[in-house]
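Secondary and tertiary structure notes
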Amino acid sequence: MSKGKVFHARHAMGSMVRGTALVATDGFSARYDLDRIKGTFSRPTHKLVGQSYVGRILVVETAKGGVASAWMLHEMKSRGMAPLAFVFNSVNPILAQGAALAHLPMLAGFDEDITKAIPNGAELEINPQAGTIEVLR
Amino acid sequence: MTTMRLNDEERDILAGKLGAVAKQALQHQIMVGEFFGAKDFVPVTQAHIMADTESLGEAGVQWLEGLATATQGRTGVRVPTITDPRGTDFSKAAFLGQTSSMLDLERRAIDAFVKLGVVMTDTCINYQTIQAPIRNEHVAFGDTGVVIYSNSVCGAYSNFEGGPSALSAGLTGRTPRYGFHLPEQRRATIQFRVEWTPETLNDWGALGGVIGRLAGNYWAVPAIVGIKEPPRSDQLKHFGAAMASFGSVALFHIVGTTPEANRLADIAPAGLPSHRVGRADVDALQKSYRQDGKVDVVVFSAPQLSLYELRDLAALCDSRRFTVPLLAVTSPQVKPDADRLGYTTRIENAGGTVLSGMCFYQSYAREIADAKGWKRLATNSAKLVNILGGYGYQPMLGSMEACVDAAVSGRTK
């Protein structure tokens, strides 16, 4: 239904990637929400609890507290246990700093609620240079 | 090439004329600055680095060691740069069930920081113990509790600076000018009319949590009206730390109390969305955590305790005998005073343990839970209960008095 649709982000960094979306209208904090060893969401009240984020394009609402995430993305990526890319409606500096250290693509700031616009499981192309997300299928 | 406007010195740094360390730091800062549309850099006077090794992992420590081995050009920080709590109190590591590999990683990180000229203060209450920033001072602070207190109560200017960015700011003496370095970003975006002024630290923390959840994101700036008495530093410490933890909020204004908000009109445009918050909201947040039953451990931490909190805790410990472990965590600056004044002895005579230079949730809390069999945790810190849910704990939030009672009986009521 959304195939071919392109979304434009106001904030972007990193390199182009293609992958599968993991979508939730919920927040994200590497310290508070994750079992970083298993690569799953572990906070009982998180909408993605029990699901693996490894290698997925994580599409979530906003970054939540916790300065530690700035280090943790780098550590997660070093073990091959990081998301492929991040897409946020609204991002705080910590996640942006963490993505910069880990060299993970990140896009944020859209004209619509991106967690409602992109279906869970959609195949996406993230192009930070152009600031775009394209739904491939 | 960058879209940021650089001065001559910044261009020299980027060209490598001041060495590889400063260049790498500025490149990192430019990536972040461009992402947020920063037009230029702003000089900073202090930096504060959150860098416990649970967060860094082997990869982060290697990254630090890489910076620390450089010998060419400027190899250390150029403005006072201090550290947030470490991942352990070495003298208590065995009691916490921490492993030698955790401690080895800690030692390597500390060695690297010292080589970079970082001062190992190991505290998240530097605004109470080291040097509080002053109004309009631009700083690069890590630890969300430190930033929200410095911005809101001191009137300083800081974003949340994660460890790599805070260290970069220490190394370059500047930070990208975005977010709360911009006066226009500091205006209130949401208003709260508080109909009940708390007294205890857990109630202040819970109120901060309620407002943080409603405000909801980093760019929201709550304006708070209705607080009856000028709050004390420890109350605002718990209030801000919880607001930052529950909502990622970095700045609030209490009208009539905090320096930028003598009057509501000073910081808030007319017609802001407004919420009423009362005692029922504060109670509801506390009751959303586990209420009664067996307790495995009692923890006072997050933020580290001030001398006054330790004094109050010591008074509650007199003539008591704990049946479950009670941990009180403070800073290396406060601990010697607590020792000298007898607070430590009074807490430890009851069976408690006073730890220094760490913070419970930054110290391998998940591994401690497994090693010690601690799941049901009682605390008076709203920030701590918010964090520990994700670490497999069943936290309970109560007053300092209720937590001490729980350490005696092994149960909460």
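1. Things to note about the overall build of chain B
Along chain B, the regular secondary structure elements total 17 helices and 16 strands. Computed over C-alpha atoms, the radius of gyration of chain B comes to 21 Å, within 12% of the 22 Å expected from 2.2 N^0.38 for 413 residues, which places it in the range of a compact globule. Buried positions account for 57% of the 413 residues belonging to chain B. Relative to all contacts within chain B whose residues are 6 or more apart in sequence, the contacts with residues 24 or more apart total 80%.

2. Some points on the overall build of chain A
Within chain A one finds four helices and ten strands. A compact globule built from 137 residues should have a C-alpha radius of gyration of about 14 Å, and chain A, at 13 Å, falls within 12% of that. Burial statistics for chain A: of 137 residues in total, 58% are counted as buried. Expressed as a percentage of contacts within chain A between residues at least 6 apart in sequence, the contacts between residues at least 24 apart total 74%.

3. Observations concerning the sheet that holds strand β13 (residues 352-356) of chain B
All names here are of chain B. Strand order in the open sheet formed by five strands is β13-β12-β11-β14-β15, and the pairing between neighbours is parallel. This sheet does not close on itself; its edge strands, each paired only once, are β13 and β15 (394-397). In this sheet, adjacent strand axes meet at a mean angle of 25 degrees when their direction is disregarded. Strand direction decides the pairing type here: strand β14 (residues 376-379) and β15, joined by four bridges, are parallel. Bridge pairing in β15 links alanine 378 to methionine 396.

4. Quick word on the pairing of strand β12 (residues 326-330) of chain B
Looking down a regular strand, the side chains alternate between one sheet face and the other. Residues and elements named next belong to chain B. Burial of β12 is extensive: five of the five residues sit out of reach of the surface. With burial as the criterion, each face of β12 is covered, one bearing Leu326, Ala328 and Thr330 and the other bearing Leu327 and Val329. Here strand β11 (residues 297-305) runs beside β12; their pairing, made up of four bridges, is parallel. Looking across to β12, one finds that valine 299 is bridged to leucine 327. Traced from β11 through helix α12 (residues 307-317) to β12, the parallel crossover comes out right-handed.

5. Thoughts on the pairing of strand β3 (residues 17-28) of chain A
All names here are of chain A. Sheet topology note: the β3/strand β9 (residues 123-127) ladder contains four bridges and is antiparallel. The residue bridging arginine 18 from the neighbouring strand is glutamate 125, located in β9. Pairing geometry for β3 and strand β6 (residues 57-63), over six bridges, is parallel. Residue pairing in the sheet places valine 23 in a bridge with valine 59 of β6.

6. Here we look at helix α2 (residues 69-78) of chain A
Across the ten residues of α2(A), eight count as buried, placing the element largely inside the fold. Residues A:Ser69, A:Ala70, A:Trp71, A:Met72, A:Leu73, A:His74, A:Glu75 and A:Met76 constitute the buried set of α2(A). Residues of α2(A) that are buried make contact with α1 (30-33) and α3 (93-102) of chain A together with α3 (53-68) and α7 (163-172) of chain B. With its phi angle positive at about 70 degrees, A:Gly80 sits one or two positions after the end of α2(A).

7. Points about the environment of B:Gln46
Examined against the element boundaries, B:Gln46 turns out to sit in the loop between β1 (41-43) and β2 (47-49). Leave out the neighbours within four places in its chain, and B:Gln46 touches B:Val79, B:Pro80, B:Pro133 and B:Val139.

8. Comments concerning the sheet that holds strand β8 (residues 253-254) of chain B
Residue and element names in this part refer to chain B. Taken in spatial order, the four strands of this open sheet run β8-β7-β6-β9, and their pairing is parallel. Only two strands of the sheet have a single neighbouring strand rather than two, namely β8 and β9 (274-277). Sheet topology note: the strand β6 (residues 190-194)/β9 ladder contains four bridges and is parallel. Across the sheet, residue valine 194 finds its bridge partner in β9, namely valine 277. Against the sheet, helix α8 (residues 201-215) engages β6, β7 (222-225) and β9, with an angle of about 155 degrees to β9.

9. With respect to the interface of chain B and chain A
One frequent convention defines the size of an interface as the accessible area lost when the parts assemble. The partner chain A presents 31 residues to the 33 residues of chain B that form the contact. Elements that contribute at least two residues to the side of chain B that touches chain A include exactly α2 (20-35), α3, α7 and α9 (233-247) of chain B. Tallying contributions element by element places α3(B) first for the side of chain B that touches chain A, with six residues. A per-class count over the side of chain B that touches chain A returns 16 nonpolar, 16 polar and one charged.

10. A short note on the domain arrangement of chain B
Residues and elements named next belong to chain B. The domain boundaries assigned to chain B delineate domain 1 (8-183), domain 2 (187-286) and domain 3 (289-412). Its C-alpha centre places domain 1 at a distance of 28 Å from the equivalent point of domain 2. Across the contact, 15 residues belong to domain 1 and 16 residues belong to domain 2. Examining the composition of the side of domain 1 that touches domain 2, we find that seven residues originate from one element, helix α6 (residues 144-152), more than from any other.

11. A closer look at helix α4 (residues 100-115) of chain B
Residue and element names in this part refer to chain B. The end-to-end C-alpha distance of α4 is 23 Å, a good match for the 22 Å that 16 residues give at a rise of 1.5 Å each. Buried residues of α4: Leu105, Glu106, Ala109, Ile110, Ala112 and Phe113, and no others. Across the axial projection of α4, the buried residues extend over an arc of 165 degrees, all falling on one side. α4 presents Ser100, Ser101 and Asp104 as exposed residues on the side facing more than 90 degrees away from its buried surface. Where α4 is buried, its residues meet α3 and β3 (81-83).

12. A look at the environment of B:Ala242
For B:Ala242, the location among the structural elements is in helix α9. Through-space distance from the C-alpha of B:Ala242 to that of B:Leu14 is 38 Å; in sequence the pair is 228 residues apart.

13. Here we look at the packing of α2(B) against α7(B)
Residue and element names in this part refer to chain B. Following both chains from N to C, one finds α2 and α7 inclined at 125 degrees, their axes separated by 9 Å at the closest point. Taken as axis vectors, α2 and α7 run oblique relative to one another. Once α2 is placed against α7, the crossing between them reads as left-handed. Every residue of α7 that contacts α2 at Val21, Ala22, Ala25, Leu26, His28, Gln29 and Val32 is listed here: Pro164, Ser165, Ser168, Leu171 and Thr172. The residue makeup of the contact of α2 with α7, split by class, is seven nonpolar, five polar and no charged.

Criteria and thresholds
Residues numbered from 1 in each chain as written. Chains lettered and ligands numbered in written order. Predicted model: local features only at pLDDT ≥ 70, side-chain atom pairs only at ≥ 80, totals over all residues. Helix = DSSP H or I, 4+ residues; strand = E, 2+ residues; numbered from the N terminus. Rg over C-alpha atoms; globule rule 2.2 N^0.38 Å. Buried ≥ 20, exposed ≤ 12 C-beta atoms within 10 Å, placed from the backbone. Contact = placed C-beta atoms within 7 Å. Pairing = 2+ DSSP bridges. Axes fitted to C-alpha atoms, helices over the stretch in contact; angles between N-to-C directions. Right-handed = clockwise from strand over helix to strand, strands pointing away. Nonpolar A, V, L, I, M, F, W, Y, C, P; charged D, E, K, R; others polar. Domains from an automatic or database assignment. Expected span 1.5 Å × (residues − 1). Arc of directions from axis to C-beta. Parallel < 35°, antiparallel > 145°, perpendicular 65-115°, else oblique. Left-handed = near helix turned anticlockwise from the far one by under 90°.

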